Structures are given as C-alpha cells and as structure tokens.
Amino acid sequence: MENQDITKILNQQVANWSLLYVKLHNYHWLVRGIHFYELHLKFEELYNEAALNVDQLAERILAVQGKPLATLKEFLAEASLKEATGTETPEQMIETLANDFEMLSFQLKDGIEVANQTNDDVTADLLTQIRVSVEKHLWMFRAFLG
C-alpha cells in the first residue's frame, strides 16, 4: 500500500508539472507588453525546470515499481492545476503562476510528510528539492506583483 500512496502522490506531481509545462509554453509564446523580454525568458526557464521535474518524478515512480502517467488525458484528469486560457495579461499570468506554485508547495509538503511516514527518504528528498525551488519562484512572483 505504501508504494501505491507514493505513486499516487508522485503521479499528481507528474500531472501538474506536465500541465504547467504546457501552460508555461503558452505564456512564453503569448506574453506581450513592457515586461515581454524578462517574462519571455523567465517562462522559458520555468518550462525547462518543469520538464526536468516531470522526468525526475516519473523515474522515481518507476524506481518504486509504479507506473507514471504518460498521456495528456491522464495529466488533465489528475492535475489539480488548470490550463491557460490564452487570454491572460502578463500580470494575470504571474498571478496564476503564483496561485499554482502555492498549491504545488502545499501538495509537495503533504507528499513529503507521507514519504517520511513511510520511511521513503529518497522520495521525501526529491519532493523537498522541488519544493525549495517552488518556494523561491513563489517569492519572486509575489515580489513581481508587488
């Protein structure tokens, strides 16, 4: 049962980061305005980080003998984040990402607790590493928004 719990937690992260990967591309391509250059580059940085997270999470699922989600249909069904609309202003993009990253932080914290309870130090460490980055980005999003 422990591996199933860990797999479920990790798969929700796979789904969220996969959705975020697409959302960040949407923002990267569609951002306009005075913050174009900085946000265009930031969104690229973030979608590259999202891709790395997806790979690490999926590989951890395989290491605990689970099966990672691997289709768009599965990602959309399991993700707690929402897709981009394609109509967001730059400020709305950052506000949405701040909300997304806040949700991710809470979910990662819960996942770390479950991993610790099941003595899965490797998963706890992976989720902690991701959460450190999420918290840093969240701080930056909030600073951007004032």
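First things first, this report covers the structure right here in the doc. All values reported here derive from a predicted model rather than from experimental measurement.

## Considerations on the environment of L145
Thought 1: As for its position among the elements, L145 is in helix 5 (residues 121-145).
Thought 2: Its relative accessible area of 37% is what places L145 among the partly exposed residues.
Thought 3: Distance from L145 to N11, taken between C-alpha atoms, is 31 Å for residues 134 residues apart in sequence.
Thought 4: Not counting the four nearest positions on each side in its chain, L145 is found in contact with E91, I94, E95 and A98.

## Some remarks on helix 2 (residues 36-63)
Thought 1: For helix 2, built from 28 residues, the straight-helix expectation of 40 Å at 1.5 Å per residue is met to within 8% by its first-to-last C-alpha distance of 40 Å.
Thought 2: Directly after helix 2, the chain includes Q65, whose backbone phi takes a positive value near 65°.

## Let's talk about helix 4 (residues 90-117)
Thought 1: Here helix 4 is 28 residues long and its end C-alpha atoms lie 40 Å apart, about the 40 Å a rise of 1.5 Å per residue gives.
Thought 2: Phi for N119, located one or two positions after helix 4, is positive at around 60°.

## A few points about the pattern of salt bridges
Thought 1: Within this structure, the stated rule accounts for 6 salt bridges.
Thought 2: The closest approach of N and O atoms between K8 and E78, which form a salt bridge, is 3.8 Å. Separated by 70 residues along the polypeptide, K8 in helix 1 (residues 2-30) and E78 in helix 3 (residues 72-78) bring together distant segments of the chain.
Thought 3: Classification of E78 by relative accessible area gives partly exposed; the value is 27%.
Thought 4: With a closest N to O distance of 3.4 Å, E113 and K109 form a salt bridge. Of the two residues, E113 and K109 are both situated in helix 4; the distance of 4 residues between them amounts to about one turn of the helix.
Thought 5: Assessed through its relative accessible area of 37%, E113 is described here as partly exposed.

The rules we used
- Here the residue numbering is sequential within each chain, running from 1 through the sequence in written order.
- Given that the model is predicted, a residue must reach a pLDDT of at least 70 before its local features are reported, and side-chain atom pairs must reach 80 or more before they are shown or counted; all residues, however, enter totals for whole chains, interfaces and linings.
- Only hydrogens and water are set aside; all other atoms, that is, all heavy atoms of the structure, feed into the side-chain values.
- Put simply, DSSP H or I for four residues or longer makes a helix, DSSP E for two residues or longer makes a strand, and each gets a number counted from the N terminus.
- Per-residue accessibility, obtained with a 1.4 Å probe over protein chains only, is compared with the maximum for each type, and a residue is labelled buried under 20%, exposed over 50%, and partly exposed between these values.
- Any two residues whose heavy atoms approach within 4.5 Å at even a single point are treated as in contact.
- Expected helix span is given by 1.5 Å per residue-to-residue step, counting one fewer step than there are residues.
- By salt bridge we mean one thing: a side-chain nitrogen of Lys or Arg within 4 Å of a carboxyl oxygen of Asp or Glu.

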